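Here's the letter readout for the chains.
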Amino acid sequence: MIDFEISENIANMKNMVHMLAENMMRPAARKYDEEEHQKPLDFINMMWEDSKRRNRARFEASTKPKQEGKPEKPAENSVMFANVIEELSWGDCGLYLCIPGGLGVAAVEAVGTSDQKERFLRRFTEGEPKWGAMAITEANAGSDTAAITATAARDGDHWVLNGEKIFVTSGKAAVQDSEGFVVVWATLDRSAGRAGIKSFIVEHGTPGMTVTKLEKKLGIRASDTCTIVFEDCRIPLDNILGSSEVQKKDSTSGFKGVMATFDATRPMVAASAIGIGRAAIDFVKEEFEKQGVQIRYGISPYRMTAVERDVQQMEANLQAARLLTWRACWMMDRRMRNNLEASMAKAKAGLAITLVTQKAVELMGPLGYSRELLLEKWMRDGKINDLFEGTGQINMLIIARRILEYTREQLK
Amino acid sequence: MLSFELSDDQRMIYETVRKFALNEMRPIYRECDEGGKIPPEFISKAWELFLIPNNVPEAYGGVGEPRSAVTGAILAEELAYGDFSLAVCMLCPASVVYPLIEFGTEDQKQKYLPLFCEESFKPASAAFMEPRIDFDLPSMQTKAAAEGGSYVINGEKCLVPLAADAEVILVYAQTDASADAKGVQAFLVDKGTAGMEISEREKNMGLKALDTRKVIFKDCRVPKESRLGGEAGCNVSKLLNYSFVGLAAMAVGVSKAAFEYARDYAKERVAFGEPIASRQAIAFMLAEMAIEVDATRLLTWEAAWRLDKGLESDREAYLAKQYAAEKVLMITDRAVQVLGGHGYIREHPVELWLRNGRGFATFDGLVTI
């Protein structure tokens, strides 16, 4: 039965997170944009206290054998996450990306062995804030992850990693500022192509791993994005995620597994974009109301002002992106394959956020351009959502291949 | 709880209507467009689906299924996927029947509803739009003035489908001199009422299979009882919201037809030794079309769902329709573009879909669900 009402559970959580976003994130948003590379410690510590408690429950659930016989409630984790992320990003996207944890944690949680979970995830239930970063991108391998050149080679009881990773979100936080780790994509056998690519967990403080550069960015400046160099970096054999076996050349099953995580993360990036877009629309509408500018619905284009047309387009585009995102999440919660829908949500949200935030700056005149308000910041922050976890174009390519039923050789 | 799944009933209706669209509408729609005619055999076959009587209460001869805007949107999308002109023709009586179910007085329901639950199709229609560039609901120029025991209607309507044969036309008119949307009411005007003049058939860019007329009212006097809902009247904004959602759903149907055709063509058509779909310039156009078909459908369903839940829907229904009107034009235009010069030739359907698609920005109140 078609239903657009989020559950009471999600609605309550959404309200709670919204209050946090309004009271704790908005007031700090500008400061950590202007003071790039400063850590928002108050916010991080506050979020850590809360996430430790949640992580404990999650950790126990993920390491304990499943109880049988209990009827499960319909899953809504993804829809829940999407709504939480929308609220946090409404508060501030840069701060949201600083929250301890990270994509590396999600990767270990998804494919790690129980021993790996014990070794790498237990720490997220206790002590000081920690991060688990994900290092995929290289200078010459962005969306084309198959072109990765970082290598892993076996030497006795160790893997030896060599290479350079860029654009690692929370990389510095994970390997320098906390007792965290980073999950690194590297190839065991370049001649095996995509099948040779595996991911490895590198503990903070491992000799041979160095943060060499902290990026200065257009937006999301509260979040650290860094370069990490691996030089004869030795890690234990059992720090590989998944199997170490390299399949024969034309098999990409291992690689597909790695790529499947994007089906889970892309709707979340879309949700973040929607949060920023909503912040911009909320602001514009409130400001118009103060100025006595009314947005009328249902009138002739002849009578409509350009401003009304713009606001209506912003609202419709944002809502369209939100519904596509919810659909992708809803499918994920039902374990339906959502590769196409996840890319649709991501591509649409990227376009919508760009339109919405750029229009919002325009509509507010000099106010929009001023750093005294947050509109210009939202435009800069929002753009990241059309870039990371796959650019808009890569997602269009995935969508095109899916609707045409083409392989990557048939549609390059 | 959030769900994107059709109910069993909706799935059944979807499948029935889709089959009808493919088997009964697709084979004849080009001929209908060229000839400007809809065969009576088609209309009878379409009536056998009993789509409209299905929602009429049993007391008035219907099946008594409660009306759902979401189900209506699913159904309207598939019909328009078959053909837009034929779909409007099929659903035309709904523009009288549904407002009657929603707001009609007992007498009005008893007088009219059984007529539309009979074995054979009875044309009926609504007269909403006016031939002016600045037409919208708040500025309705057709007036209905109360005079003694009757209303006197004056004004000009356009794009009234099946007006020439309609048993009854629901005419929207301003009743209040202070003139805003709240003053607009609807009147049941029977066929042949003096002062209602049905003009020559209109010539439009699209919708060519459908007979549409200008209808002119010159001191057209109707009894007080013909005001929809009697003294209480009706909520025209609410009726219009159903129409917005219906049109949005039909725009999705036209979009889907154009997208699928262009996609299949791009895989067949070879240039420089490869199907043109294997080039990003074409593939990305198709990808954007696919996203927007889904995006428009979800916005439409959400607005429909709000109507069904009785939630405030003025903004959502309007935005869904506006968004759909913009996207159906983009998608049908791209479909022509993907076919290149062939898209311009009337042997392919895409030019027809572009002509029909252009109309959605205009068609207020044309259909309801």
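Remember, predicted model here, so these are calculated numbers, not experimental data.

(A) Summary view of the overall build of chain A. Along chain A, the regular secondary structure elements total 13 helices and 8 strands. For chain A, the spread of C-alpha atoms along the principal axes amounts to about 75 × 50 × 50 Å. Evaluated residue by residue, chain A yields a buried proportion of 55% over its 412 residues. Long-range pairs, those at least 24 residues apart, make up 76% of the contacts in chain A between residues at least 6 apart in sequence. Just so you have it, chain A exposes about 18,700 Å², and 53% of that area is on carbon and sulfur atoms. Separation of charge centres in chain A, based on 56 positive and 57 negative side chains, amounts to 3 Å.

(B) A look at the overall build of chain B. Of the regular secondary structure elements, chain B holds 11 helices and 9 strands. For a compact globule of 369 residues, the expected C-alpha radius of gyration is about 21 Å, and chain B comes in at 21 Å, within 12% of that figure. Put simply, chain B has 369 residues, and 62% of those count as buried. Long-range contacts, defined here as pairs at least 24 residues apart, represent 74% of the contacts in chain B between residues at least 6 apart. When the accessible surface of chain B is totalled, it reaches about 14,400 Å², and 50% of it is carbon and sulfur. Once the 41 positive and 54 negative side-chain charges of chain B are each reduced to a mean point, those two points are 4 Å apart.

(C) Spatial organisation of helix α8 (residues 236-268) of chain B. Residue and element names in this part refer to chain B. Helix length check: α8, at 33 residues, gives a terminal C-alpha distance of 48 Å against a target of 48 Å (1.5 Å per residue), a fit within 8%. A large share of α8 lies buried, amounting to 26 of its 33 residues. Of the residues flanking the start of α8, the one acting as N-cap is N235, its side-chain oxygen 3.1 Å from the backbone nitrogen of S237.

(D) Up close: the environment of B:E5. As for its position among the elements, B:E5 is in the segment before α1 (8-25). Between the alpha carbons of B:E5 and B:L240 there is a distance of 27 Å; along the sequence they are 235 residues apart. With sequence-adjacent residues up to four places away left out, B:E5 is seen in contact with A:M1, A:I2 and A:W330.

(E) View of unusual backbone geometry. Within the chain, A:R335 stands out as a residue other than glycine whose phi angle is a positive 55°. Tracing the backbone through its elements, the reader meets A:R335 in the loop between α9 (306-333) and α10 (339-363). Look at A:R335 and you get exposed, because its relative accessible area is 78%. Even without glycine at this site, B:L159 takes up a positive phi of about 50°. Tracing the sequence through the fold places B:L159 in strand β3 (residues 150-161). Assessed through its relative accessible area of 10%, B:L159 is described here as buried.

(F) Examining the interface of chain A and chain B more closely. Counting from both sides, the interface comprises 46 residues of chain A and, opposite them, 45 residues of chain B. In this assembly, chain A packs against chain B so that about 4,400 Å² is buried in total across both faces, 67% of it on carbon and sulfur atoms. Interface area lost by chain A to chain B is led by A:I2, A:F4 and A:W330, which between them contribute 17%. Summed over the shared surface of chain A and chain B, the number is 7 salt bridges. Residue A:K348 pairs with B:E292 through a salt bridge whose shortest N-O separation is 2.7 Å.

(G) Region of interest: the domain arrangement of chain A. All names here are of chain A. Considered domain by domain, chain A is made up of domain 1 (8-125), domain 2 (132-241) and domain 3 (253-404). For domain 1 versus domain 2, the distance between C-alpha centres works out to 23 Å. Buried surface at the junction of domain 1 and domain 2, summed over both partners, amounts to about 2,000 Å²; 58% is from carbon and sulfur atoms. When the buried surface of domain 1 facing domain 2 is broken down by residue, E36, H37 and F120 rank first, second and third, together holding 26% of it. The salt bridge involving D238 is made with R119; its shortest N-O contact spans 3.6 Å. One can count 10 residue pairs in polar contact (both at pLDDT 80 or more) joining domain 1 with domain 2. Looking at the side of domain 1 that touches domain 2, the elements with two or more residues in it are α1 (8-34), α4 (93-98), α5 (103-111) and α6 (114-121). In terms of residues, the side of domain 1 that touches domain 2 owes the most to one element, α5, which gives 6 residues.

(H) Layout of the packing of aromatic side chains. According to the stated counting rule, one finds 20 aromatic pairs over all chains in the structure shown. Centroid distance B:F244 to B:Y318: 5.8 Å. Interplanar angle 65°. Geometry classified as edge-to-face. Placement of the pair is B:F244 in helix α8 and B:Y318 in helix α10 (residues 314-339), with a sequence separation of 74 residues. Exposure class is identical for B:F244 and B:Y318. Each is buried. Here a set of aromatic residues connected by ring pairs shows up, and it is made of A:F4, A:W330, B:F4 and B:W305. Looking at B:R26, its charged tip hangs above the ring of B:Y81, at a distance of 4.5 Å from the centre. Geometry around B:Y81 places B:K256 over its ring, the cationic atom sitting 5.0 Å from the centre.

(I) Expanded view of the domain arrangement of chain B. Residues and elements named next belong to chain B. Under the domain assignment, chain B is made up of domain 1 (8-117), domain 2 (125-232) and domain 3 (236-361). Contact residues are listed per partner, giving 22 residues for domain 1 and 21 residues for domain 2. The shortest N-O distance in the salt bridge between K111 and D190 comes to 3.0 Å. Scanning the region where domain 1 abuts domain 2 turns up 6 residue pairs in polar contact (both at pLDDT 80 or more). Among the secondary structure elements, those contributing two or more residues to the side of domain 1 that touches domain 2 are α2 (29-35), α5 (84-91), α6 (94-103) and α7 (106-112). Residue composition of the side of domain 1 that touches domain 2, grouped by class: 13 nonpolar, 6 polar and 3 charged.

(J) Here's a closer look at the pattern of salt bridges. Residue and element names in this part refer to chain A. Applying the stated criterion across every chain yields a total of 71 salt bridges over all chains. A salt bridge links D33 to R221; the nearest nitrogen and oxygen atoms lie 4.0 Å apart. Here the residue D33 occupies a position in helix α1, and R221 occupies one in the loop between β6 (209-214) and β7 (225-236), the gap between them amounting to 188 residues. Looking at R221, the relative accessible area reads 23%, which means it is partly exposed. For K377, the salt bridge goes to D92, with nearest N and O atoms at 2.5 Å. One end of the pair, K377, is in helix α12 (residues 375-383); the other, D92, is in the loop between α3 (77-91) and α4, and 285 residues separate them in sequence. With relative accessibility at 2%, the residue K377 sits in the buried group. Connected via shared salt-bridge partners are R30, D33, E34, R221, R371, E376 and R380.

(K) Region of interest: the side chain of B:S243. Residues and elements named next belong to chain B. Within the element layout of this structure, S243 appears in helix α8. A polar side-chain atom of S243 sits 2.9 Å from the main-chain carbonyl oxygen of V367. Non-local contacts of S243, meaning those with residues more than four positions away in its chain, are made with D364, G365, L366, V367 and T368.

Reading the values: rules and limits
- Residues numbered from 1 in each chain as written.
- Chains lettered and ligands numbered in written order.
- Predicted model: local features only at pLDDT ≥ 70, side-chain atom pairs only at ≥ 80, totals over all residues.
- Heavy atoms only, no water.
- Helix = DSSP H or I, 4+ residues; strand = E, 2+ residues; numbered from the N terminus.
- Buried < 20%, exposed > 50% of the residue type's maximum accessible area, 1.4 Å probe, protein only.
- Contact = heavy atoms within 4.5 Å.
- Areas by Shrake-Rupley, 256 points an atom, 1.4 Å probe, with all protein chains shown as cover.
- Lys, Arg positive; Asp, Glu negative; His and termini not counted.
- Charge placed at Lys NZ, Arg CZ, Asp CG, Glu CD.
- Rg over C-alpha atoms; globule rule 2.2 N^0.38 Å.
- Expected span 1.5 Å × (residues − 1).
- Polar contact = N/O pair within 3.5 Å; in protein donor to acceptor, adjacent residues only side chain to side chain.
- Buried area = accessible area lost by both parts, 1.4 Å probe.
- Salt bridge = Lys/Arg side-chain N within 4 Å of Asp/Glu carboxyl O.
- Domains from an automatic or database assignment.
- Phe/Tyr/Trp six-rings, centres within 6.5 Å; stacked < 30°, edge-to-face > 60°.
- Lys NZ or Arg CZ within 6 Å of the ring centre and 35° of its normal.
- Nonpolar A, V, L, I, M, F, W, Y, C, P; charged D, E, K, R; others polar.

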